Amino acid sequence: MYSTTTPDTTPLKASLLPLADHLLLVPSLVIVEVIGAHHKLTPQPDAPQWLLGTTEWKGKQVPVVDFELGCQLPYTDKTSNRRLVIINAISGDTRIKFFALRLYGIPSGIELSASLLHEIPNTPHNWTLSQVRIGNIQAIIPNLVALEKAIITSGFKAQVLD
């Protein structure tokens, strides 16, 4: 686990999620599980290209999103090391409880404080809250609520399950 805290700060536990050519920085609490990408994807009719389909996870149909494609970020489509990370929905909208992001590698934990995040000016997409630099690491802080709303408005039909 990376540690970028100093003795006078309270660390925030976060995770770096490796996309094809970018890193996402999310609070560790939103991550439910990382699963292999061998799970079958079921396409959604008339869905946008970034909504790769749904996968069954613990008896639920979970939408799978390609973040880079949705943000129109340049990236190299890779076939190795694919995984899915299951994310807890945080918007409070009952139409979506979980969603998955396609990853290319294993997430890594990081402890950090706000004073060590250096914002990089440029937030090109509404799914992006900020771009930051932590030492020599550059990461995107995603707007998870905007992403959840995009999934819902894309026509994704969630089964309401407990």
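Heads up: these notes are all about the structure in this document. Note that the coordinates shown come from a computational prediction; the quantities given were computed from them, not determined experimentally. (Residues numbered from 1 in each chain as written. Predicted model: local features only at pLDDT ≥ 70, side-chain atom pairs only at ≥ 80, totals over all residues. Heavy atoms only, no water.)

1. Examining the overall build of the protein chain
Phase 1 of the analysis: Helix and strand content of the protein chain: two helices and twelve strands.
Phase 2 of the analysis: When its helices and strands are written in sequence order, the protein chain yields β-β-β-β-β-β-α-β-β-β-β-β-β-α.
Phase 3 of the analysis: Here the protein chain has a C-alpha radius of gyration of 16 Å; the compact-globule value for 162 residues is 15 Å, and the two agree.
Phase 4 of the analysis: If one aligns the C-alpha atoms of the protein chain with their principal axes, the spans along those axes are about 50 × 35 × 30 Å. (Helix = DSSP H or I, 4+ residues; strand = E, 2+ residues; numbered from the N terminus. Rg over C-alpha atoms; globule rule 2.2 N^0.38 Å.)

2. Here we look at the sheet that holds strand S5 (residues 51-57)
Phase 1 of the analysis: As summarised here, the arrangement of the five strands in space is S4-S7-S8-S6-S5, forming an open sheet in which the pairing is mixed. Edge strands, defined here as strands with exactly one partner in the open sheet, are strand S4 (31-36) and S5. Each neighbouring strand pair of the sheet contributes to a mean axis angle of 30°, computed without reference to strand direction.
Phase 2 of the analysis: By the bridge criterion, two bridges tie strand S6 (residues 60-65) to strand S8 (residues 98-104) in an arrangement that is parallel. Residue valine 65 lies in a different strand from S8, and its bridge partner there is leucine 101.
Phase 3 of the analysis: Its contacts with the sheet place helix H2 (residues 144-153) against S6, strand S7 (82-88) and S8, and it is angled at close to 110° to S8. (Pairing = 2+ DSSP bridges. Axes fitted to C-alpha atoms, helices over the stretch in contact; angles between N-to-C directions. Contact = heavy atoms within 4.5 Å.)

3. Some points on H2
Phase 1 of the analysis: Taken across its ten residues, H2 has seven buried, putting it largely inside the fold.
Phase 2 of the analysis: Taken together, the buried positions of H2 are occupied by Leu144, Ala146, Leu147, Glu148, Ala150, Ile151 and Ile152.
Phase 3 of the analysis: Close packing links the buried residues of H2 with S6, helix H1 (67-70), S7, S8 and strand S12 (137-142).
Phase 4 of the analysis: Glycine 155, located one to two residues past H2, shows a positive phi value of around 105°. (Buried < 20%, exposed > 50% of the residue type's maximum accessible area, 1.4 Å probe, protein only.)

4. So, the side chain of aspartate 66
Phase 1 of the analysis: By secondary structure assignment, the location of aspartate 66 is in the loop between S6 and H1.
Phase 2 of the analysis: Using a relative accessible area of 2% as the deciding quantity, one classes aspartate 66 as buried.
Phase 3 of the analysis: Leave out the neighbours within four places in its chain, and aspartate 66 touches Trp50, Leu52, Tyr75, Arg102 and Trp127.

5. Observations regarding the nonpolar core
Phase 1 of the analysis: Residues Val65, Phe67, Phe99, Leu101, Trp127, Leu147 and Ile151 are the most contacted members of the largest nonpolar core, which totals 26 residues.
Phase 2 of the analysis: Ranked by residues supplied to this core, first place goes to H2 with six residues.
Phase 3 of the analysis: For leucine 101, the contacting residues outside a window of four places in its chain are Leu17, Leu24, Val65, Phe67, Arg83, Leu84, Val85, Ile87 and Leu147.
Phase 4 of the analysis: One finds Leu25, Ile110, Leu112 and Ile134 within the second-largest nonpolar core, a separate group that totals nine residues. (Core = buried A, V, L, I, M, F, W, Y, C linked by side-chain atoms within 4.5 Å.)

6. Examining the pairing of strand S3 (residues 23-27)
Phase 1 of the analysis: Summarising the sheet, strand S2 (residues 12-18) and S3 pair through five bridges and their orientation is antiparallel. Bridging across to S3, leucine 17 finds its partner in leucine 24.
Phase 2 of the analysis: Here S2 folds back onto S3 in antiparallel fashion, the turn holding four residues.

7. Details of the packing of aromatic side chains
Phase 1 of the analysis: Per the counting criterion, the structure on display carries three aromatic pairs.
Phase 2 of the analysis: Plain terms: the ring middles of tryptophan 57 and phenylalanine 98 are 5.1 Å apart, the flat faces sit at 70° to each other, and that makes the pair edge-to-face. Pair noted here: tryptophan 57 is in strand S5 and phenylalanine 98 is in strand S8, with a separation of 41 residues, a long-range link. Both residues of the pair, tryptophan 57 and phenylalanine 98, count as buried.
Phase 3 of the analysis: Ring geometry for phenylalanine 67 and tryptophan 127: centres 5.9 Å apart, planes at 45°, overall tilted. Of this pair, phenylalanine 67 sits in helix H1 while tryptophan 127 sits in the loop between strand S10 (118-120) and strand S11 (128-134), placing them 60 residues apart in sequence. In this structure, phenylalanine 67 and tryptophan 127 share a single accessibility class: buried.
Phase 4 of the analysis: Feature note: the residues Trp50, Phe67 and Trp127 constitute an aromatic cluster, connected by ring pairs. (Phe/Tyr/Trp six-rings, centres within 6.5 Å; stacked < 30°, edge-to-face > 60°.)

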